[in-house]
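One-letter residues, chain by chain:
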Amino acid sequence: MSASRTPCVAGNWKLHHGRAQATQLASALAQAPLAPSVEVVVAPVFTCLSAVNDALAPSHRIGLAAQHVHWEDEGAFTGEVGPAHLVDVGCTHGIVGHSERRQHFGDSDERVAKRVRALLQHHLKVILCVGETQQQRASGSYGDVLRQQIRAALAGCAPSAPNPSILVAYEPIWAIGTGLAATPEDAQEAHAIVRNALADTLGAEQAEISPILYGGSVKPENAQALTAQPDVDGALVGGASLRFESFTDIIAAVALNY
Ligand code: 13P
């Protein structure tokens, strides 16, 4: 938490919720009295983006993220969705570099960097995911892993002025979907490494304004303690974002720190 950064809680719905459930959840969120100090974002599957955008409309303040993006606007790229199409359906954000995409769909640092640049060119906010494996944590190489992921994804997009559209999510792979969240102290240590890497890559001013979200088994019970850490500026939530009660409880818990 820091006065120079807007905290953010983003729900990554992954491959869950069809149109009926997605719009129902989005409508409920749009009507809920969510804490105004926290930016709230939801990331449904591609096919639900347009319907969720309509359902969110009454709130005017909940962001809409795609979970993935191709770097080209158009062309012979069967199966891909480009940044212009995301803008077209009302997206405000794009998630890139998620470990599930790196692991199952061959997303390399180089491709992640292209996606980051494409989103920024279309004035979409980037949620860049980084994180180490269990093995990298155990061997102590996680600092190098995080620094390399940040440098590779962002080196080519140094903004001329600090850009509020660059967010990072630290998601240790061993904490995703396991129920074993990082401790607040371990999260803080990793977030400080990420912020230093941001400063080295994009400059101190950018590092100061970029929110760094924690992701990996965030629940209502641990959200406040995690985001009370000085470099933890919110949460990227998977499983607990699928239900209205747990997601809004997380937003309320984070807001207690701001
Ligand atoms: P869980 O909250 O289910 O651990 O998922 C985290 C995640 O991968 C969010 O992007």
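Notes on the structure follow. (Residues numbered from 1 in each chain as written. Predicted model: local features only at pLDDT ≥ 70, side-chain atom pairs only at ≥ 80, totals over all residues. Heavy atoms only, no water.)

## Re the pattern of salt bridges
Rules: The salt bridge criterion pairs a side-chain nitrogen of Lys or Arg with a carboxyl oxygen of Asp or Glu, the two atoms within 4 Å. The helix count covers DSSP runs of H or I at least four residues long, the strand count covers runs of E at least two residues long, and both are numbered beginning at the N terminus. Here the term buried applies to any residue with accessible area under 20% of the maximum for its type, exposed to any over 50%, and partly exposed to those in between, with areas from a 1.4 Å probe on protein chains only.
In the structure shown here, the tally under the stated rule is 12 salt bridges. Note that Glu208 and Arg5 form a salt bridge whose closest N and O atoms lie 3.8 Å from each other. You can see Glu208 sitting in helix α9 (residues 204–209) and its partner Arg5 sitting in the segment before β1 (8–12), a full 203 residues away along the chain. Residue Glu208 is classed as partly exposed on the basis of its relative accessible area of 39%. Assessed through its relative accessible area of 6%, Arg5 is described here as buried. Between Glu39 and Lys125 there is a salt bridge, with its nearest N and O atoms 3.2 Å apart. With Glu39 in strand β2 (residues 39–43) and Lys125 in strand β5 (residues 125–130), this residue pair connects regions lying 86 residues apart in the sequence. Looking at Glu39, the relative accessible area reads 15%, which means it is buried. Judged by its relative accessible area of 23%, Lys125 is partly exposed.

## What about the site of the ligand?
Spelled out, the test is: For this description, a residue counts as near a given molecule or strand if any of its non-hydrogen atoms is within 4 Å of it. Distance and chemistry together define a polar contact, namely a pair of N or O atoms within 3.5 Å, with one atom able to donate a hydrogen and the other to accept it when in protein, and with adjacent residues in sequence counting only for side-chain atoms on both sides. Only the protein chains shown count as cover for residues, and all accessible areas are computed by the Shrake-Rupley method using a 1.4 Å probe. The classification used treats Ala, Val, Leu, Ile, Met, Phe, Trp, Tyr, Cys and Pro as nonpolar, Asp, Glu, Lys and Arg as charged, and all other residues, Gly among them, as polar.
Lining the immediate environment of the ligand, one finds Asn12, Lys14, His98, Glu171, Ala175, Ile176, Gly177, Gly216, Ser217, Leu236, Gly238 and Gly239. In this structure, an oxygen atom belonging to the ligand sits 3.0 Å away from a side-chain N or O atom of Asn12. Here the ligand loses 94% of its free accessible area of 310 Å² to cover by the protein chains. Of the residues in the shell around the ligand, the class split is 3 nonpolar, 7 polar and 2 charged.

## What about the nonpolar core?
Defined as follows: Among the buried residues, those of types Ala, Val, Leu, Ile, Met, Phe, Trp, Tyr and Cys that are joined through side-chain atoms within 4.5 Å form a nonpolar core. Any two residues whose heavy atoms approach within 4.5 Å at even a single point are treated as in contact.
Within the largest apolar cluster, 69 residues are counted, with the highest numbers of intra-cluster contacts made by Val52, Val116, Leu128, Ile150, Leu154 and Tyr214. Other than its neighbours up to four places away in sequence, Val52 contacts Trp13, Ala22, Thr23, Ala26, Val42, Pro44 and Leu64.

## Looking at the packing of aromatic side chains
How we decide: Think of it this way: a Phe, Tyr or Trp ring, Trp meaning its six-membered ring, pairs with another when their centres are within 6.5 Å, and the plane angle makes it stacked under 30 degrees, edge-to-face over 60, tilted otherwise. Over a ring means this: the NZ of a Lys or the CZ of an Arg is within 6 Å of the ring centre and within 35 degrees of the ring normal.
Under the criterion given, the structure shown has 1 aromatic pair. Aromatic pair Tyr170 and Tyr214: ring centres 6.3 Å apart, planes at 55°, arrangement tilted. Residue Tyr170 is located in strand β6 (residues 166–170), and its partner Tyr214 is located in strand β7 (residues 212–215); the two are separated by 44 residues in the primary sequence. Its end group placed over the ring of Phe105, Arg101 keeps NZ or CZ at 4.3 Å from the ring centre. Sitting over the face of the ring of Tyr142, Arg137 holds its NZ or CZ atom 3.8 Å from the ring centroid.

## A few points about the environment of Val41
For Val41, the position within the fold is in strand β2. Val41 sits in the buried class, given a relative accessible area of 1%. Put simply, Val41 and Ala10 are 31 residues apart on the chain and 4.4 Å apart in space, counted from C-alpha to C-alpha. For Val41, the contacting residues outside a window of four places in its chain are Cys8, Val9, Ala10, Gly11, Ile62, Gly63, Leu64, Ala65, His93 and Phe247.

## Details of the side chain of Gln149
Within the secondary structure, Gln149 sits in helix α7 (residues 142–154). Taking the relative accessible area as the measure of exposure, Gln149 reaches 9% and is therefore buried. Discounting residues that sit within four places of it in the chain, Gln149 has contacts with Arg102, Asp109, Val130 and Gly131.

## Considerations on the packing of helix α10 (residues 220–227) against helix α11 (residues 244–255)
Under the convention used in this document: Under this scheme, a helix contributes an axis fitted over its contacting stretch, all axes are lines through C-alpha atoms, and angles between N-to-C directions fall in the 0 to 180 degree range. Orientation is classified from the angle alone, with under 35 degrees giving roughly parallel, over 145 giving roughly antiparallel, 65 to 115 giving roughly perpendicular, and any other angle giving oblique. Crossing handedness: left-handed means the near helix sits turned counterclockwise from the far one by under a right angle, and right-handed means the same turn made clockwise.
Taken N-terminus to C-terminus, the directions of α10 and α11 make an angle of 25°; their axes are 8 Å apart at the nearest point. Classed by the angle they form, the pair α10 and α11 counts as roughly parallel. In this structure, α10 meets α11 at a crossing whose hand is right-handed. Contact with α10, carried on its side by Pro220, Ala223, Gln224 and Thr227, involves Ser246, Asp249, Ile250, Ala253 and Val254 of α11 and no other residues of that element.

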